[in-house]
Amino acid sequence: MAVLVIVDSRQKGIIEKTIRSNGDCTLWPLALSSREWAALDYRLDEQTHPSLVFDGLDIEKFERIYVAAPIDAVGDAVTRRIGDALRLSNGRLQRLNDLHDDLLQDKLDTGKAAWRQNVVWETTVEADRRIDAVLRRLLPSAPSAVAGLSVLATLALIREHEEKNAAQPAAEPSVVLTLAAGKSRLIGRLESVNGQKPNLPHEEYFKALVFDLRQHTFVVEAVDEKENALPPPQPFHLGSLTAAAEIELSWPPNRTLVVALSLHELRDGQDKSLISFPITASTAIPDSERLLWREYIFTNYGKEYVPQRSMQDNTKPTSYGAVRPSSPRLTPKAVRRRLSEEQYQLYSLIWQRTAAALMTEQKMSVTHATLAGGPNRKYVIQLENRRQEHRGFTVVYPFQRQTENRAISGEIRVGQQLTPTNVELQPDSTIENRITLGQVAEEMISRRLCLPEHWYILPQTLSAWGLTEQREGALRLSTSGICLIEQINRLCPQLLNPAFLSQLQEKLAVSSRKDGSADLFLAQIDKLLDAFDDTNINRGEEQSPHSRNDARFYGHCPICANELTVRKGKFGRFVACSAFPKCRYTRPLGIGVGCPAEGCRGEIIERVGKSGDLFYGCSEYPRCRFVSRYRPVSVACPQCGNTYMLLVADGVHQCPQCKAKYSEKVIQ
């Protein structure tokens, strides 16, 4: 049986050996890798986009034609293009999930059909291009890289972290005391002075405080002991792997992805990939692999490191699972000679994290003690002593653990008296709530704000647009980024709401052409972008001469070019031509909010019922029957991400889905 395998150029060198062992297989590498194709999709100069060329290839002599490309939406989109270029029917061209297993086990007929997820990638690109067209009107100096939903989500995350930093109180030093009584020695922190948090306005006050503290004897009022457990970390997905490599290896995100893909292309002893496919949002490990890891942990670390109940397997049929080694026995030491230094460092991190995820928790014995001294409990001291009882997963993964704190030396009991031997100031150890590019990757993928396949392009786009900058090791909004956010927040704040953007990405991930969900998704994007028409954009930059005395300008009549005005009729207000009765042009009076009904592109308008009560309905009535007693507002719910809220009272908004209420100040 003659078989043709069209393969991603990045995988060509890896699979040639397997192809040679099958004489009836012909290999045809692509000119560009799927990653390069994806990057080209996000450039505006489409003239440079290469075409798929298959000169000299006689496809009629092959009984079966397969494509070996990455098992993600990008690879599926490239497969779709190959099918179009070769003019093959859906059933003729098939996908290989694992080229090597299929060839070696002679299971070519189990190849997965093409065009499985390509609609997800193509819909993403189309939606991002529509968003990009709007963003370019807000920032005319934008470069050729296409910005879209993921860029907006990144800006929203950075703004969220910067707002948390702004709300965080200024760091203050702590007063630390060393107390002793016989063989007992304690290190505690001054909690309060006269029932209030210690305030150190100047150095002289601190000297007076130290002098007064040394004049008193402190009594142990309470001792509380409990066990604290730190659960093992989750296995890696692409985002968490990127964040961990940034912290532990000081690698930028793109470097992590490139090295991870190279590890995936390497073969183990059974001709499987050394690690699973790294472009994934899943943290699940199949049952069969979990059992192998538990056996390995039991044999090499002991029974006490194997949890009684293993993690639940949440693997879906279309999911590729967590980023993990193909076998627990392929330890970093066992494969060291085959790997470069970069590959070895990243593989060690992946292997350790996978093993840690399937081990027991770290257990600590924690002792809390409260001491008081001075008249009427003038001074209160708190101390915490942490002692490790069981190492758990930290035996293989020391990067994420609780550290011991030897605050107590000797015995401590209620009623024991101690005197201060030393008092000093310690700087505040509170970590600033800053965000890095690796943390952005972890949050974007964990919170479903971005497709894993999309992360490959996102850092390049942010850099090209100049929307962010690196300052003091953190990712911050640049002047252009702040300007863009202010304009988007004025015109369509939903596009900066992470909960709402997550809902959009969930709809995108399950979009399909068969049920029309892809078209509905794009229609929803268009409805959101209607807020960015030229009238609204210009209104924020320069007030229209027609808007004096707060009178709204409704444009010009499309028939006679006279100015439009508002009139009142039997069923409420409407927009009409000022040249009436010579011109009888009319249209409904919209409130500037698109209809929230699924698949509807109408606008919410004011209407009056038979009883004379005002209500709000869709301009597409009777095709769309959306009605509301309260005025809809184009603000996403901060709790559930619903696309709109209702103005139920003066300054009070309520979500119609989760019924949560918010003041206007919170909404803004």
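Criteria and cut-off values
Residues numbered from 1 in each chain as written. Predicted model: local features only at pLDDT ≥ 70, side-chain atom pairs only at ≥ 80, totals over all residues. Heavy atoms only, no water. Salt bridge = Lys/Arg side-chain N within 4 Å of Asp/Glu carboxyl O. Helix = DSSP H or I, 4+ residues; strand = E, 2+ residues; numbered from the N terminus. Buried < 20%, exposed > 50% of the residue type's maximum accessible area, 1.4 Å probe, protein only. Polar contact = N/O pair within 3.5 Å; in protein donor to acceptor, adjacent residues only side chain to side chain. Contact = heavy atoms within 4.5 Å. Pairing = 2+ DSSP bridges. Phe/Tyr/Trp six-rings, centres within 6.5 Å; stacked < 30°, edge-to-face > 60°. Lys NZ or Arg CZ within 6 Å of the ring centre and 35° of its normal. Axes fitted to C-alpha atoms, helices over the stretch in contact; angles between N-to-C directions. pLDDT = per-residue confidence, 0-100. Expected span 1.5 Å × (residues − 1). Arc of directions from axis to C-beta.

Some points on the pattern of salt bridges
Right, on to step 1. For the structure shown, the criterion picks out 18 salt bridges.
Right, on to step 2. A salt bridge links Glu389 to Arg387, with the shortest nitrogen-to-oxygen separation between them at 3.0 Å.

Notes on the side chain of Thr280
Right, on to step 1. Within the secondary structure layout, Thr280 lies in the loop between helix H9 (253-265) and helix H10 (287-301).
Right, on to step 2. For Thr280, a relative accessible area of 4% gives the class buried.
Right, on to step 3. Polar side-chain contacts of Thr280 include one of 3.0 Å to the backbone oxygen of Gly321.
Right, on to step 4. With sequence-adjacent residues up to four places away left out, Thr280 is seen in contact with His237, Leu238, Gly321, Ala322, Val323, Ile445 and Pro452.

Focus: the pairing of strand S9 (residues 362-373)
Right, on to step 1. Most of S9 sits out of view: 10 of its 12 residues are buried.
Right, on to step 2. As defined by bridge partners, S9 adjoins strand S10 (residues 379-390) across 11 bridges and the pair is classed as antiparallel. Among the inter-strand pairings, Met364 is bridged to a residue of S10, identified as Gln388.
Right, on to step 3. The antiparallel hairpin formed by S9 and S10 contains 5 residues in its connecting segment, where Gly374 sits at a positive phi of about 85 degrees.

Overview of the packing of aromatic side chains
Right, on to step 1. Scanning the model with the defined rule gives 5 aromatic pairs in all.
Right, on to step 2. Centroid distance Trp293 to Trp351: 5.6 Å. Interplanar angle 55 degrees. Geometry classified as tilted. Residue Trp293 is located in helix H10, and its partner Trp351 is located in helix H11 (residues 341-357); the two are separated by 58 residues in the primary sequence.
Right, on to step 3. Here a set of aromatic residues connected by ring pairs shows up, and it is made of Trp293, Tyr296 and Trp351.
Right, on to step 4. Positioned above the aromatic ring of Tyr344, the side-chain terminus of Arg336 is 4.3 Å from the ring centre.

Side note on unusual backbone geometry
Right, on to step 1. Its identity as a non-glycine residue notwithstanding, Asn194 has a phi of 55 degrees, on the positive side.
Right, on to step 2. Secondary-structure assignment places Asn194 in the loop between strand S7 (184-193) and helix H7 (203-213).
Right, on to step 3. The class of Asn194 is exposed, set by a relative accessible area of 55%.
Right, on to step 4. You will see that Arg448, though not glycine, has its phi angle at about 55 degrees, which is positive.
Right, on to step 5. By the secondary structure assignment, Arg448 is in the loop between helix H12 (437-446) and helix H13 (458-465).
Right, on to step 6. Assessed through its relative accessible area of 40%, Arg448 is described here as partly exposed.

Section: the sheet that holds strand S20 (residues 614-618)
Right, on to step 1. Pairing within the open sheet is antiparallel, and its 4 strands lie in the order S18-S19-S20-S21. Edge positions in the sheet fall to strand S18 (590-594) and strand S21 (627-628), since each has one partner strand and no second.
Right, on to step 2. Judged from the 2 bridges that link them, S18 and strand S19 (residues 603-608) form a sheet pairing that is antiparallel. Directly across from Gly590, in S19, lies its bridge partner Ile605.

Examining the pairing of strand S3 (residues 64-68)
Right, on to step 1. In terms of burial, S3 is largely enclosed, as 4 of its 5 residues are buried.
Right, on to step 2. For strand S1 (residues 3-7) and S3, the ladder comprises 5 bridges, and the chain directions are parallel. Following the sheet pairing, Ile6 is matched in S3 by Val67.

Here's the deal with the sheet that holds strand S22 (residues 631-633)
Right, on to step 1. Read across the open sheet, the 4 strands follow the order S22-S23-S24-S25; overall the sheet is antiparallel. Among the strands making up the open sheet, the edge pair consists of S22 and strand S25 (661-663). On average, each strand axis in the sheet is inclined to that of its neighbour by 40 degrees, with strand direction left out of account.
Right, on to step 2. Pairing geometry for S22 and strand S23 (residues 645-649), over 3 bridges, is antiparallel.

Focus: the environment of Leu646
Right, on to step 1. By the secondary structure assignment, Leu646 is in strand S23.
Right, on to step 2. Note on Leu646: relative accessible area 12%, which makes it buried.
Right, on to step 3. Along the backbone, Leu646 and Tyr630 are 16 residues apart, and their C-alpha atoms lie at a distance of 5.8 Å.
Right, on to step 4. Contact partners of Leu646, with chain neighbours within four places excluded, come to Ser628, Tyr630, Arg631, Pro632, Val652, His653, Gln654 and Pro656.

Observations regarding the confidence of the model for the protein chain
Right, on to step 1. Residues of the protein chain with pLDDT of at least 70 account for 83%, and the chain-wide mean is 80.
Right, on to step 2. Taken element by element, the predicted model of the protein chain shows its lowest mean pLDDT in strand S5 (residues 112-113) (38) and its highest in H11 (95).
Right, on to step 3. Within the model, the stretch residues 541-551 combines pLDDT values under 50 with 5 contacts to residues more than four positions away or in other chains.

Focus on helix H14 (residues 479-491)
Right, on to step 1. Taking 1.5 Å of rise per residue, the 13 residues of H14 would be expected to cover 18 Å, and the 19 Å separating its terminal C-alpha atoms lies within 8% of that figure.
Right, on to step 2. Looking at H14, one finds that the buried residues are Gly481, Leu484, Ile485, Gln487, Ile488 and Leu491. In an axial view of H14, the angular spread of the buried residues amounts to 165 degrees, which keeps them on one side of the axis. Of the exposed residues in H14, the ones pointing more than 90 degrees away from its buried face are Thr479 and Glu486.

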